[in-house]
Amino acid sequence: MFAVIKTGGKQYRVAANDLLKIEKVEGQVGDIVEIGHVLAHGEGENVTFGAPFVDGALVTAEVVEQGKNRTVIAFKKRRRQNSRRKIGHRQLLTTVRIAEILLGGAKPTKKAVAKAEAKTEAKAEVAAKAETKAEAAPKTEAEAAPKKEAKASETAAPLFKAPKGEPDDLTVIKGVGPVAAGQLNEQGITTFAQIAKLSDKDIAKIDEHMPFSTDQITDWREQAKDVAKK
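The rules behind each value
Residues numbered from 1 in each chain as written. Predicted model: local features only at pLDDT ≥ 70, side-chain atom pairs only at ≥ 80, totals over all residues. Heavy atoms only, no water. Core = buried A, V, L, I, M, F, W, Y, C linked by side-chain atoms within 4.5 Å. Buried < 20%, exposed > 50% of the residue type's maximum accessible area, 1.4 Å probe, protein only. Helix = DSSP H or I, 4+ residues; strand = E, 2+ residues; numbered from the N terminus. Contact = heavy atoms within 4.5 Å. Salt bridge = Lys/Arg side-chain N within 4 Å of Asp/Glu carboxyl O. Pairing = 2+ DSSP bridges. Axes fitted to C-alpha atoms, helices over the stretch in contact; angles between N-to-C directions. Expected span 1.5 Å × (residues − 1). Phe/Tyr/Trp six-rings, centres within 6.5 Å; stacked < 30°, edge-to-face > 60°. Lys NZ or Arg CZ within 6 Å of the ring centre and 35° of its normal.

Q: I would appreciate a short explanation of the nonpolar core in the present structure.
A: Nonpolar side chains tend toward joint burial in soluble globular proteins. Val176, Leu184, Ile195, Ile206 and Phe212 are the most contacted members of the largest nonpolar core, which totals 20 residues. Of all the secondary structure elements, the ones that give two or more residues to this core are helix 3 (178–186), helix 4 (192–196), helix 5 (200–209) and helix 6 (214–229). When near neighbours in sequence (up to four residues on either side) are disregarded, isoleucine 206 contacts Leu159, Phe160, Ile189, Leu198, Phe212 and Ile217. Formed by 18 residues, the second largest nonpolar core is a distinct cluster that contains Tyr12, Val25, Ile35 and Val63.

Q: Please clarify how the pattern of salt bridges should be interpreted in this entry.
A: Oppositely charged side chains can pair when the atoms bearing their charge come close. Counted according to the given criterion, the structure contains five salt bridges. For glutamate 222, the salt bridge identified is with lysine 225, shortest N-O distance 3.6 Å. Here the residue glutamate 222 and the residue lysine 225 both occupy positions in helix 6, the gap between them amounting to three residues, near one helical turn. Taking relative accessible area as the criterion, glutamate 222 reaches 37% and is therefore assigned partly exposed. When its relative accessible area of 33% is taken as the criterion, lysine 225 is described as partly exposed. Salt bridges sharing common partners tie together Asp200, Arg221, Glu222 and Lys225.

Q: What's the story with the sheet that holds strand 3 (residues 19–23) in this structure? I'm lost.
A: Backbone hydrogen bonds hold the strands of a sheet together, and the pairing may be parallel or antiparallel. The four strands are arranged 3-10-7-4 in an open sheet whose pairing can be described as antiparallel. If you trace the sheet from one side to the other, it starts and ends with strand 3 and strand 4 (32–35), each paired once. Here the strands of the sheet are splayed against their neighbours by 45° on average, with no regard to which way each runs. Of the strand pairs in this sheet, strand 4 and strand 7 (residues 58–68) are connected by four bridges, and their pairing is antiparallel. Among the inter-strand pairings, isoleucine 35 is bridged to a residue of strand 7, identified as valine 59.

Q: What's the story with the sheet that holds strand 1 (residues 2–7) in this structure? I'm lost.
A: The strand order across the open sheet built from four strands is 2-1-5-6, with neighbouring strands paired in antiparallel fashion. Looking at which strands have only one partner, the edges of the open sheet turn out to be strand 2 (10–15) and strand 6 (46–49). Sheet twist, expressed as the mean angle between neighbouring strand axes with direction ignored, is 20°. As paired strands, strand 1 and strand 5 (residues 38–43) are joined by four bridges and run antiparallel to one another. Bridge assignment links valine 4 to a residue of strand 5, and that residue is alanine 40.

Q: I'm lost on helix 6 in this one. Help?
A: Owing to its 3.6 residues per turn, the α-helix brings residues three or four apart onto one side. With 16 residues, helix 6 ought to run about 22 Å at 1.5 Å a step, and its terminal C-alpha atoms sit 23 Å apart, in line with that. Of the positions making up helix 6, those classed as buried are Gln216, Ile217, Asp219, Trp220, Arg221, Gln223 and Ala224. In this structure, the buried residues of helix 6 make contact with strand 3, strand 7, strand 10 (92–102), helix 3, helix 4 and helix 5.

Q: I'm lost on the pairing of strand 5 in this one. Help?
A: Both faces of the sheet carry side chains from a regular strand, because those side chains alternate between them. Counted residue by residue, strand 5 has five buried out of six residues, so it is predominantly covered. When strand 5 meets strand 6, the two strands line up antiparallel, connected through four bridges. What sits directly across from glycine 42, in strand 6, is valine 47. Between strand 5 and the antiparallel strand that follows it, strand 6, lie two residues; glycine 44 among them carries a positive phi value of about 70°.

Q: What should I look at first to understand the packing of aromatic side chains in this one?
A: What describes a pair of aromatic rings is the distance from one ring centre to the other and the angle between the planes of the rings. Scanning all chains against the criterion turns up one aromatic pair. Ring centres 5.1 Å apart and planes at 65° place the aromatic pair phenylalanine 212 and tryptophan 220 in the edge-to-face group. What makes phenylalanine 212 buried here is its relative accessible area of 7%. Over the ring of phenylalanine 2 we find arginine 13, and its NZ or CZ is 4.0 Å from the ring centre. Just above the ring of phenylalanine 160 sits the side chain of lysine 205; from NZ or CZ to the centre is 5.1 Å.

Q: Honestly, unusual backbone geometry in this entry has me stumped. Any pointers?
A: Negative phi characterises most residues that are not glycine, and trans characterises most peptide bonds. The step from alanine 51 to proline 52 runs through a cis peptide bond, and the omega angle for that step is -5°. Looking at the element boundaries, proline 52 is found in the loop between strand 6 and strand 7. Unlike most non-glycine residues, asparagine 17 shows phi in positive territory, near 75°. Structurally, asparagine 17 can be placed in the loop between strand 2 and strand 3.

Interpretation note: all reported values are geometric properties and have no functional meaning in isolation.
As structure tokens, this is what we get:
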């Protein structure tokens, strides 16, 4: 099934799992956003058109990345008046993955992906309570120092061991921006071959400790396999 949607003044033909860039919509990475302006939908030769929109039709999409388009320069010069005007514009874009095409007033079944930030905040609250209790009980510096060092080493340890050699430019993979590439490098993921060899267990590990969903990482793995072959 496909649908034609309108967002940001533009129209897109989409299907489930399609990855596309649209003008910015509010949402964090992993959130599910709703696009209610469905102009048409169909499957094969059976197509239904709206007037202008199809009643009860809805398209949901998962926010993959928030970013910007390339800068566009508008330069104007008037003859014999020594007048020049230069303006730059950089459009905000949101990369989304189409989740569902819903008809007849159906409600979305997919919910927002649990982000690592929420997990980090919960862990921080637990750690703060533990520290408060620890402060209440008097301890010598000799007893407290080893535990602090152990916590620091545990926090600093990356999830994976980075391979030797020059790192690859991970931004070649669609959906991996400079920020995401930096976060992957910090956790020891630096090459296309390394991403291509990620197991399902590794993907679950990344999903638990980093702000990326399982679907995102699986898609990156498939892209990395193609890039590594070149």
